[in-house]
Amino acid sequence: MNHFEYVSKSKYMPVKKELIKIINQVQDELREQFTFDYKFIGSSSRNMITYDPKTNKGYDFDINIEVNDFDENYSAKELKEILINTFNQVIKLTYPYASCQNNTRVFTIKVYEENPCCINIIALRSPKIEYSCDFAIVNTINDYQQEYIRFNKNTHEYSWQMQCKGYLLSKKEAYIKKNKLTNELRKIYLDKKNFNTNPNKKSRALYAEAVNELYNAHH
């Protein structure tokens, strides 16, 4: 069993505001090259951020970045590298984040509870993450599909890859909100996270299960 619990709004909101400030500074730095829009997605967009205090992962945010490059002046590689380099420049000024990690689907910034350089390597103790943020660079095709920049770590190649935009839950979510079932949804979702034994099942799948289960039970 896991030990997930909700992060209070008073705890995560200052971090969310700080992330917005960082993004705005990156937008200012890149304005002469290209502009971009951003959107909080997943648990942070629903005010349902969770974390497991028994682990060292902390809590996280997910943000989509959509670049306005209509003439396709930049390759997938150029876009991701420019964004990573600019985020690094901004966070190094006054923010506590470690440098960006370039992952397959996203790039990530993290704040550790202690300086990772001070960790006793011999003891093999991983630094505890206080909070982090994953940025995906996307391009919306239609209401159902997006493409994202994928980084192949083996070949060091970048490419645009298609993905489903997400679960179609808006009508069911509206029903749950209208009928004041949000607290029940939060309980079901948290239970699903705590009793989930499949490491490949992501939070968004568990959330979709919770929405469908609650909707079907009341509708």
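Before reading further, recall that the structure is shown in the block above.
Residues numbered from 1 in each chain as written. Predicted model: local features only at pLDDT ≥ 70, side-chain atom pairs only at ≥ 80, totals over all residues. Heavy atoms only, no water.

## Thoughts on the overall build of the protein
Phase 1 of the analysis: Helices and strands together make up the secondary structure of the protein, namely 6 helices and 9 strands.
Phase 2 of the analysis: Counting the 219 residues in the protein, one finds 40% classified as buried.
Phase 3 of the analysis: For the protein, the proportion of contacts with a sequence separation of at least 24, taken over those separated by at least 6, is 61%.
Phase 4 of the analysis: On the protein, the mean spot of the 32 positive side-chain charges and the mean spot of the 27 negative ones are 8 Å from each other. (Helix = DSSP H or I, 4+ residues; strand = E, 2+ residues; numbered from the N terminus. Buried < 20%, exposed > 50% of the residue type's maximum accessible area, 1.4 Å probe, protein only. Contact = heavy atoms within 4.5 Å. Lys, Arg positive; Asp, Glu negative; His and termini not counted. Charge placed at Lys NZ, Arg CZ, Asp CG, Glu CD.)

## Quick look at the environment of S132
Phase 1 of the analysis: Along the chain, S132 turns up in strand β7 (residues 129-140).
Phase 2 of the analysis: Assessed through its relative accessible area of 8%, S132 is described here as buried.
Phase 3 of the analysis: The sequence separation of S132 and D62 amounts to 70 residues, and the corresponding C-alpha distance is 8.8 Å.

## Digging into the nonpolar core
Phase 1 of the analysis: In this structure, L83, F87 and Y97 are the most contacted members of the largest nonpolar core, which totals 39 residues.
Phase 2 of the analysis: Listing elements by their share of this core, those giving two or more residues are α1 (9-30), β2 (36-41), β4 (59-67), α3 (76-94), β6 (107-112), β7 and β8 (145-152).
Phase 3 of the analysis: Here this core takes 8 residues from α3, the largest share from any one element.
Phase 4 of the analysis: Beyond its immediate chain neighbours, meaning those up to four positions away, Y97 contacts V15, E18, L19, I22, I91, I109, K110, V111 and Y131. (Core = buried A, V, L, I, M, F, W, Y, C linked by side-chain atoms within 4.5 Å.)

## With respect to unusual backbone geometry
Phase 1 of the analysis: Located in the positive-phi region is N47, a residue other than glycine, with phi close to 60°.
Phase 2 of the analysis: Locating N47 in the fold gives a position in the loop between α2 (43-46) and β3 (50-51).
Phase 3 of the analysis: Its identity as a non-glycine residue notwithstanding, E72 has a phi of 55°, on the positive side.

## Things to note about α1
Helical geometry: 3.6 residues make up each α-helical turn, so side chains three or four residues apart lie on a common side.
Phase 1 of the analysis: Between its first and last C-alpha, α1 extends 31 Å over 22 residues, near the 32 Å set by a 1.5 Å rise per residue.
Phase 2 of the analysis: If you check which residues of α1 are buried, you get Y12, V15, K16, L19, I22, I23, V26, Q27 and L30. All buried residues of α1 lie within an arc of 140° about the axis, which places them on one face of the element. Facing away from the buried side of α1 by more than 90 degrees, the exposed set consists of S10, K17, K21 and D28.
Phase 3 of the analysis: Turning to α1, the residues buried within the fold contact β2, α2, β4, α3, β6 and β7. (Expected span 1.5 Å × (residues − 1). Arc of directions from axis to C-beta.)

## Side note on the packing of aromatic side chains
To describe a pair of aromatic rings, you give the distance between the ring centres and the angle between the ring planes.
Phase 1 of the analysis: Summed over the entire model, instances satisfying the criterion amount to 12 aromatic pairs.
Phase 2 of the analysis: Ring centres 5.8 Å apart and planes at 85° place the aromatic pair Y189 and Y207 in the edge-to-face group. Separated by 18 residues along the polypeptide, Y189 in helix α5 (residues 182-195) and Y207 in helix α6 (residues 203-218) bring together distant segments of the chain.
Phase 3 of the analysis: Y189 sits in the buried class, given a relative accessible area of 1%.
Phase 4 of the analysis: A network of ring pairs unites the aromatic residues Y38, F40, Y59, F61, Y97 and Y131 as a single cluster.
Phase 5 of the analysis: The aromatic ring of F40 is capped on one face by K16, whose charged end is 4.8 Å from the ring centroid. (Phe/Tyr/Trp six-rings, centres within 6.5 Å; stacked < 30°, edge-to-face > 60°. Lys NZ or Arg CZ within 6 Å of the ring centre and 35° of its normal.)

Limitation: the analysis is restricted to geometry and does not speak to function.
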